[in-house]
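A structural walkthrough
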Amino acid sequence: MQESEIRNGVVAVAQRARVAARAMRHVTTAQKDALLNAIAAILRENTPAIIAANEIDIAAGRERGLDAGLIDRLMLDPQRIDGIATATEKVASLPDPIGEVVRGRRLPNGLTLRQVRVPMGVIGMIYEARPNVTVDAAALTLKAGSAVILRGGSAAFESNRVIVELMRKAAEQVGLPADAIQSIDEFGRAGGVELMKLRGLVDVVIPRGGAGLIQTVVRESVVPVIETGTGNCHVYVDRAADLEKALAIAVNSKVSRPSVCNAAESILVHADVAERFVPRLLRELASKDVRLHVDESVRGLAGDIQVELATEEDWATEYLALEVAIRVVPSLQAAIEHIEKYSTGHTEAIVSQDLEAIETFKAGIDSAVIMVNASTRFTDGGEFGLGAEIGISTQKLHARGPMGLAEITTTTWIAEGQGHVR
């Protein structure tokens, strides 16, 4: 496809999205919820068609040598499709953020001020190998009264094509603009680049995926970006930890679903409990086929368990697979310093019964989410009660942590007077 064709095609999509976004500003909560429930129903009804398309993507991905983590994110089965539909229904059941008064007051001069949530407008989503994000992004965007332009990557091309067609059909069924849901996958990677140039037509771009994709969008986009982040997440087992809880939390954080950004990638163990805890941890992880990258202290406690000496790169790696880095630290402060050096600012966990240690950890860690005696896997929009999430932001502007409905709205100030002049 010629460069001019790609540019013109993406511009045309954005222009249609802008028209749809204006219409969406006037849609009632009942209409939006009807659309989301229609999307859930049509996905369930067409599960065989979605799986057939997904199998094409899976086969192509394996042929291209996609790693196991990406294949896992890409794969759809009846249970996952039902889960996606259920998440969409949950978004429909959430309170509508549009019209919410964030704050308000009467000024001494008699003017009444209110800051009110309003739709963002047109939201561009750039992501990879995650067909569930296609639905999550659309559901949240629609509930928040906006239009969405989706760029889901070549790995999920067939899956996303069918899913987008079904969602647009659901919009038509309930009498809402189908152009509130559009894809630019047909224009390839170059289409995503063009999308990032459409300041004025597109209000915000949200990247979701690996570090390379996110940093490319942050560097190249002239449209404002809400930066989602990679997850080099840590679990720190303190000297005052309940070791039974610590074992369950560390293992769950790593193995329950290793291919996602809230999975733990490093486990830090205080030296005072290392002899009692590390051998148990290694045996449990090894029994679940986790590849173990360890420091010298951990290697000395490994016995006959197969481990390999960690490199500097291991401490900074988001594996997204059954691999983990493990280190013994001499103190809580050493754990904080390690996390400060290698963390991506996503989620950090402490396991401890010492309230002073917990408070020190909370004060010393600068991340979107801090877990206390809980698995890192809880950093999730659904688990936080936000419904499906559009991403997990690791930046500090506008939104941080799991982004639900409120995070993809903006606000308008409304000032009401009685003929006031200044």
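Quantities reported herein were computed from a predicted structural model and do not represent experimental measurements. Throughout, residues of each chain are indexed from 1 in the direction in which the sequence is written. Residues qualify for local features only when their pLDDT is at least 70, as the model is predicted, and side-chain atom pairs are given and counted only at 80 or more; totals for whole chains, interfaces and linings, by contrast, use all residues. Side-chain metrics in this entry use all non-hydrogen atoms of the structure; hydrogen atoms and water are not considered.

Some points on the layout of surface pockets
A 1.4 Å probe that fits but cannot get out identifies a cavity on a 1 Å grid over protein atoms alone, an open set with protein on both sides within 12 Å along at least five of seven lines counts as a pocket, and a residue lines either if it has an atom within 4 Å of a point. Grid points are joined across faces, edges and corners, and a volume is the space filled by probe spheres set on the points. Considering only enclosed or pocket space, the largest pocket measures out at about 860 Å³ in volume. Together, 27 residues line the largest pocket, and Asn132, Asp136, Arg208, Arg257 and Asp380 are the ones closest to its centre. Elements with a minimum of two residues in the lining of the largest pocket: α5 (78-93) and α6 (131-143). Secondary structure elements follow DSSP: runs of H or I of four or more residues count as helices, runs of E of two or more count as strands, with numbering from the N terminus. If one sorts the elements of the lining of the largest pocket by residue count, α5 sits on top with six residues. All domain edges in this entry derive from an automatic or database-based domain assignment. Residues from two domains meet in the lining of the largest pocket; each of domain 1 (3-226 + 407-416) and domain 2 (233-383) gives at least three. Its volume calculated, the second largest pocket comes out at about 420 Å³. Lining the second largest pocket we find 20 residues, and of these Glu128, Arg151, Gly153, Arg189 and Leu213 sit closest to its centre.

Observations concerning the packing of helix α2 (residues 29-45) against α6
For every element, the axis is a line fit to its C-alpha atoms; helices are fit only across the contacting stretch, and the angle between N-to-C directions ranges from 0 to 180 degrees. It is at 9 Å that the axes of α2 and α6 come closest, and there the two elements cross at 165°. One way to sum up the angle between α2 and α6 is to call them roughly antiparallel. Relative to α6, the crossing made by α2 is right-handed. Note on element contacts: α6 touches α2 through Val135, Ala139, Leu142 and Lys143, opposite Thr29, Lys32, Asp33, Leu35, Leu36, Ile39 and Leu43. Classes in brief: Ala, Val, Leu, Ile, Met, Phe, Trp, Tyr, Cys and Pro nonpolar; Asp, Glu, Lys and Arg charged; the others, Gly included, polar. Among the residues making up the contact of α2 with α6, the classes are represented as seven nonpolar, one polar and three charged. Every angle not falling under 35 degrees, over 145, or within 65 to 115 is termed oblique; those three ranges are roughly parallel, roughly antiparallel and roughly perpendicular. Take the far helix as your reference; a near helix turned counterclockwise from it by less than a right angle gives a left-handed crossing, and one turned clockwise gives a right-handed crossing. Note on contacts: a residue pair qualifies if any of its non-hydrogen atoms lie within 4.5 Å across the two residues.

Points about empty space enclosed by the protein
Under the counting rule described, the total for this entry stands at one cavity of 30 Å³ or more. Roughly 30 Å³ of volume is contained in the largest cavity. Taken together, Leu43, Ile50, Leu76, Ile81, Ile84, Val135 and Ile163 make up the full set of residues lining the largest cavity. Class assignment for the residues of the lining of the largest cavity results in seven nonpolar, no polar and no charged.

Remarks on the nonpolar core
Among buried residues, the Ala, Val, Leu, Ile, Met, Phe, Trp, Tyr and Cys ones that are joined through side-chain atoms within 4.5 Å form a nonpolar core. Residue burial is assigned from relative accessible area. The probe radius is 1.4 Å, only protein chains are included, and a residue is buried under 20% of its type maximum, exposed over 50%, and partly exposed in between. The biggest cluster of nonpolar side chains holds 71 residues, and the ones touching the most others in it are Ile39, Met125, Ile149, Leu150, Met167 and Val202. Examining the composition of this core, we find that eight residues originate from one element, helix α1 (residues 3-24), more than from any other. When neighbours within four sequence positions are excluded, Val202 is seen to be in contact with Ala14, Arg18, Val122, Gly124, Ile149, Leu195 and Val223.

A word on the UniProt feature "domain: Aldehyde dehydrogenase" (unreviewed entry) in the protein
UniProt positions are given in the numbering used here, feature names are shortened, and annotations may be inferred rather than shown by experiment. As annotated in UniProt, the feature "domain: Aldehyde dehydrogenase" (unreviewed entry) corresponds to residues 10-293 in the numbering used here. Helix makes up 53% of residues 10-293 and strand 17%, with an end-to-end C-alpha separation of 45 Å.

Points about the sheet that holds strand β10 (residues 308-309)
Within a beta sheet, neighbouring strands are joined by backbone hydrogen bonds and run either parallel or antiparallel to one another. Ordered in space as β10-β9-β11-β8-β7-β12-β13, the seven strands form an open sheet in which the pairing is parallel. Here the strands that pair on one side only, and so sit at the sheet edges, are β10 and β13 (369-372). For two strands to count as paired, DSSP must find a minimum of two bridges between them. As paired strands, strand β7 (residues 233-237) and strand β8 (residues 264-270) are joined by five bridges and run parallel to one another. Residue pairing for β8: Cys233 is matched across the bridge by Ala264. Lying over the sheet, helix α11 (residues 271-287) contacts β7, β8, β9 (291-294) and β11 (323-329), oriented at roughly 145° with respect to β8. In this fold helix α15 (residues 355-364) packs onto β7, β12 (347-351) and β13, with an angle of close to 165° to the strand it touches most, β12.

A closer look at α15
Ala357, Ile358 and Phe361 are the residues of α15 that are buried. Angularly, the buried residues of α15 cover 100° about the axis, an arc narrow enough to put them on a single face. Across α15 from its buried face, at more than 90 degrees, point the exposed residues Leu355, Glu356 and Ala363. Those residues of α15 hidden inside the fold are in contact with β7, α14 (332-342), β12 and β13. Definition of a polar contact: a pair of N or O atoms within 3.5 Å, with one able to donate and the other able to accept a hydrogen when the atoms are protein atoms, and with sequence-neighbouring residues admitted only if both atoms are side-chain atoms. Of the residues that open α15, the one with a side-chain oxygen 2.9 Å from the backbone nitrogen of Glu356 is Asp354. Directions drawn from the helix axis to the C-beta atoms are what define this arc.

Some details on the pattern of salt bridges
Think of a salt bridge as a Lys or Arg side-chain nitrogen and an Asp or Glu carboxyl oxygen that are within 4 Å of each other. Tallied over the full model, the rule gives 28 salt bridges. Where Glu3 meets Arg7, a salt bridge forms, and the shortest distance between an N and an O atom there is 2.9 Å. Here Arg7 and Glu3 lie together in helix α1, a separation of four residues that amounts to about one turn. Residue class for Arg7 comes out partly exposed when judged on its relative accessible area of 32%. Two residues, Lys143 and Asp33, come together in a salt bridge whose shortest N-O distance is 2.5 Å. Of the two residues, Lys143 is situated in helix α6 and Asp33 in helix α2; the sequence distance between them amounts to 110 residues. Each member of the pair Lys143 and Asp33 is classed as buried. Here the salt bridges share partners, and the residues they tie into one network are Glu3, Arg7, Glu194 and Lys197.

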